[in-house]
Amino acid sequence: MLEHLVLLLQPLVGKEVNNMAKQPEYWRWTESRWTNPDIDYKGKVITSGVDVGSVSSQAVILADGELYAYSNMRTGSNSPDSAKKAMNWAMEDTGLTLKDLSYTVGTGYGRVNVPFSQRAITEIACHARGGNFMYGPTVRTILDMGGQDCKAIHCDERGKVTNFLMNDKCAAGTGRGMEVFADLLGVSINDVGNLSFDIDKEPQPVSSTCVVYAKTEATGLLREGWPKNKVLAAYCSAMAHRIMTLLERIGVEEDFAITGGISKNKGVVKRLEKEVGIKIMETSKYDPQIAGALGAALFAKALYDKGKK
Amino acid sequence: MKANYGYKDGSGDYFITIDTDRCNGCKSCVDACPYGVMAVGEDENDPLSDKEVAFVTEKERKKIKYTCAPCKPSNDVIPPCIKACEMDAITHSW
């Protein structure tokens, strides 16, 4: 009896084909790394910040408070490992080792899981401080559009938080939502912004804010014959609208800057700019995803100095 | 600093706002809250300051709509945390 059953099942098992490896990864965004060629770190105080986010991890190294090196890569399933990998990548070819770090601050979701850090600080405080460094002291509103949350922060000219609001209960309006859409439409995440403007007429935003239902709605629109770009436009605009309703709660004060992965997506940024009616500052020459880790590194420097006094 | 703890979902905005410039860390809100929503400790969003302030506990932040509901049976009832705060540092968005 059992033999019969095995025989019966065999052809089914044998025919199973694993198609996974062939799928292109449309969501995969570009990881980055940078070293400042003008700085010689020898003899200087090295402090660092590590931001272990839900989707991406960054490490920033400062030499005497000046930006020396950074890395930005995808977070794995293991926070301590991701922290180590990001730091190792930032240190690559510089000759630095973990022993050279005088003070390290961890931030982000995985902030308590950075094994070589002395302190953990919330991403709210770090983004304000990092945004202040990247965009200058005139920044008053920083919107961080991260992988799985969205934070609106007001800060003063020294980068100290004066008001903040965070949405981390829902994936609508986050980088992960955009990754899901890139995958659904088979468009590389780096091209989403530009393609979303390649349309005849701006469509109505998708009505669902929830990523799962927005995806369902988009599938329906594709079935109705909407071109891909139009669906992307509808989603980018829904995301901009969603963020606008969050921003309304605390208001937007000039200057207004965006950090995080979505700030690289012009499709969302331009539409948000239109809704808010305030010009969004040009992205800085550094990767806008490092703001949190940069802030953490700046806090590390401040805490190191405080400890020496 | 105005610290907004809570979330926005399909049914509305649920935020408890604490004005940390007003808060004096007296813990009367902590004693008044029957559900352990409030706590007092170092200001995690201002790491260089030594002042202790009130905040909404991590485990409650994403469910205050439900946790706080018994204290808010109608709009004209002032919840105990707000009533207890002498500094008028606490506000609810809903």
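Treat the numbers as computed from the prediction; the structure is a model and nothing was measured.

Undergrad: Tell me what's going on with the interface of chain A and chain B, and back it up with residues and numbers.
TA: Each partner contributes to the interface: chain A provides 25 residues, whereas chain B provides 19 residues. Among the residues chain A hides against chain B, the three largest losses belong to Phe164, Lys169 and Arg249 of chain A. Together they make up 31% of the total. Counting across the chain A and chain B interface gives four salt bridges. Across the salt bridge formed by Glu42 of chain B and Arg119 of chain A, the nearest N and O atoms sit 3.5 Å from each other. For the interface between chain A and chain B, the tally reads ten residue pairs in polar contact (both at pLDDT 80 or more).

Undergrad: How would you summarise the nonpolar core if you had to cite specific residues and measurements?
TA: If you look at the biggest cluster of nonpolar residues, it comprises 47 residues, and the most contacted ones within it are Val60 of chain A together with Met38 of chain B. With five residues, the single largest contributor to this core is helix H9 (residues 291–308) of chain A. If near-sequence neighbours (up to four positions away) are discounted, Met38 of chain B is found in contact with Ile18, Cys29, Val30, Cys33, Ala54, Phe55, Val56, Thr57, Cys81 and Ile90 of chain B. If you look at the next biggest cluster of nonpolar residues, it comprises 44 residues, including Val187, Tyr235, Leu246 and Ile278 of chain A.

Undergrad: An account of the sheet that holds strand E5 (residues 103–107) of chain A is requested, with residue identities and associated values reported.
TA: Two strands in a sheet stick together by hydrogen bonds in their backbones, pointing the same way (parallel) or opposite ways (antiparallel). Residue and element names in this part refer to chain A. The strand order across the open sheet built from six strands is E1-E4-E3-E2-E5-E6, with neighbouring strands paired in mixed fashion. Edge positions in the sheet fall to strand E1 (32–35) and strand E6 (119–120), since each has one partner strand and no second. Of the pairings in the sheet, the one linking strand E2 (residues 46–52) to E5 comprises five bridges and is parallel in character. Pairing of Val50 across the sheet is with Gly106, part of E5. Where H9 meets the sheet, it contacts E2, strand E3 (56–63), strand E4 (66–74), E5 and E6, and its direction lies at approximately 140 degrees from that of E2.

Undergrad: Can you explain the pairing of strand E7 (residues 141–145) of chain A? Please cite residues and give values.
TA: Residue and element names in this part refer to chain A. E7 sits mainly inside the fold: five of its five residues count as buried. Residues Thr141, Leu143 and Met145 point to one face of E7 and Ile142 and Asp144 to the other, with burial holding for every one of them. Taken together, the five bridges between E7 and strand E8 (residues 150–155) define a ladder with antiparallel strand orientation. Counted as the bridge partner of Met145 is Cys150 from E8.

Reading the values: rules and limits
Residues numbered from 1 in each chain as written. Chains lettered and ligands numbered in written order. Predicted model: local features only at pLDDT ≥ 70, side-chain atom pairs only at ≥ 80, totals over all residues. Heavy atoms only, no water. Contact = heavy atoms within 4.5 Å. Buried area = accessible area lost by both parts, 1.4 Å probe. Salt bridge = Lys/Arg side-chain N within 4 Å of Asp/Glu carboxyl O. Polar contact = N/O pair within 3.5 Å; in protein donor to acceptor, adjacent residues only side chain to side chain. Core = buried A, V, L, I, M, F, W, Y, C linked by side-chain atoms within 4.5 Å. Buried < 20%, exposed > 50% of the residue type's maximum accessible area, 1.4 Å probe, protein only. Helix = DSSP H or I, 4+ residues; strand = E, 2+ residues; numbered from the N terminus. Pairing = 2+ DSSP bridges. Axes fitted to C-alpha atoms, helices over the stretch in contact; angles between N-to-C directions.

Interpretation in functional terms is not warranted from these geometric data alone.
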